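A structural walkthrough
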Amino acid sequence: FERVFLVQIMKVSQLWCGHIEEHATTVQAGRTHLQTALPVTVGFWLGHIHNRFVSSAKRAKQLVMEVPGKFSGAVGTSASQRLLMPKHEAEAHLMRKLRMPAANISTQVTPPEARARFYHELMMLSGAMANLGEDVRILQSSQFGELGSASSTSSAMSHKQANPIAAEQLAGMHTTVI
């Protein structure tokens, strides 16, 4: 998580922050349930979703450190390690090396709750990104036309200003994560 996933999260966050800063004063229509409301800025809109993204990333970073490991044998008694080291010493040493807490007690597998909490936070993080993708997709539609896209237009429908495939894929990724 820290060496691969978190590095990518930080890159996305930095890119996102650049857009927030760049558009801090760009006015756009505010919306409530797709109904036009008081104006906001593009920076505010992006910042709101980014805040959710960062909050989930921070929580995931905390939770990953709570996911326990084990090295106490098939049934959790450390019987197979006793010939090599005193009881639980091998597990404690290995868990320190891996920077993981050892499960207080475990059988064939560690208790799943900590891992489930971590995975849930990753799902929440992808939900924030899906929200961004869905918003971009809607704002690119001909009904709104507020955003353009660097992606291709449609060869079959020349009136389309944008083909929001990247935004659709971002939103669709959340289904895969779930």
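For the structure given in this document, a descriptive report is provided here.

**A closer look at the overall build of the chain**
- What the chain contains, in helices and strands, is 5 helices and 2 strands.
- Helices and strands in the chain line up, N terminus first, as α-β-β-α-α-α-α.
- Looking at the chain as a whole, 30% of its 178 residues qualify as buried.
- Across the chain, contacts joining residues at least 24 apart in sequence account for 64% of those joining residues at least 6 apart.

**With respect to the environment of Arg117**
- Looking at the element boundaries, Arg117 is found in helix 4 (residues 113-140).
- Distance in space between the C-alpha atoms of Arg117 and Ala60 is 8.5 Å, their sequence separation being 57 residues.

**Re the pattern of salt bridges**
- In this structure the tally under the stated criterion is 2 salt bridges.
- Here Glu2 makes a salt bridge to Arg99, at a shortest N to O gap of 2.4 Å. Of this pair, Glu2 sits in the segment before helix 1 (5-22) while Arg99 sits in the loop between helix 3 (89-98) and helix 4, placing them 97 residues apart in sequence.
- On the basis of relative accessibility, which here comes to 31%, the residue Glu2 falls in the partly exposed class.
- For Arg137, the salt bridge goes to Glu134, with nearest N and O atoms at 2.7 Å. A residue pair is termed a helical-turn pair when its members lie 3 or 4 positions apart in one helix, as Arg137 and Glu134 do in helix 4 at 3 residues.

The rules behind each value
- Residues numbered from 1 in each chain as written.
- Predicted model: local features only at pLDDT ≥ 70, side-chain atom pairs only at ≥ 80, totals over all residues.
- Heavy atoms only, no water.
- Helix = DSSP H or I, 4+ residues; strand = E, 2+ residues; numbered from the N terminus.
- Buried < 20%, exposed > 50% of the residue type's maximum accessible area, 1.4 Å probe, protein only.
- Contact = heavy atoms within 4.5 Å.
- Salt bridge = Lys/Arg side-chain N within 4 Å of Asp/Glu carboxyl O.

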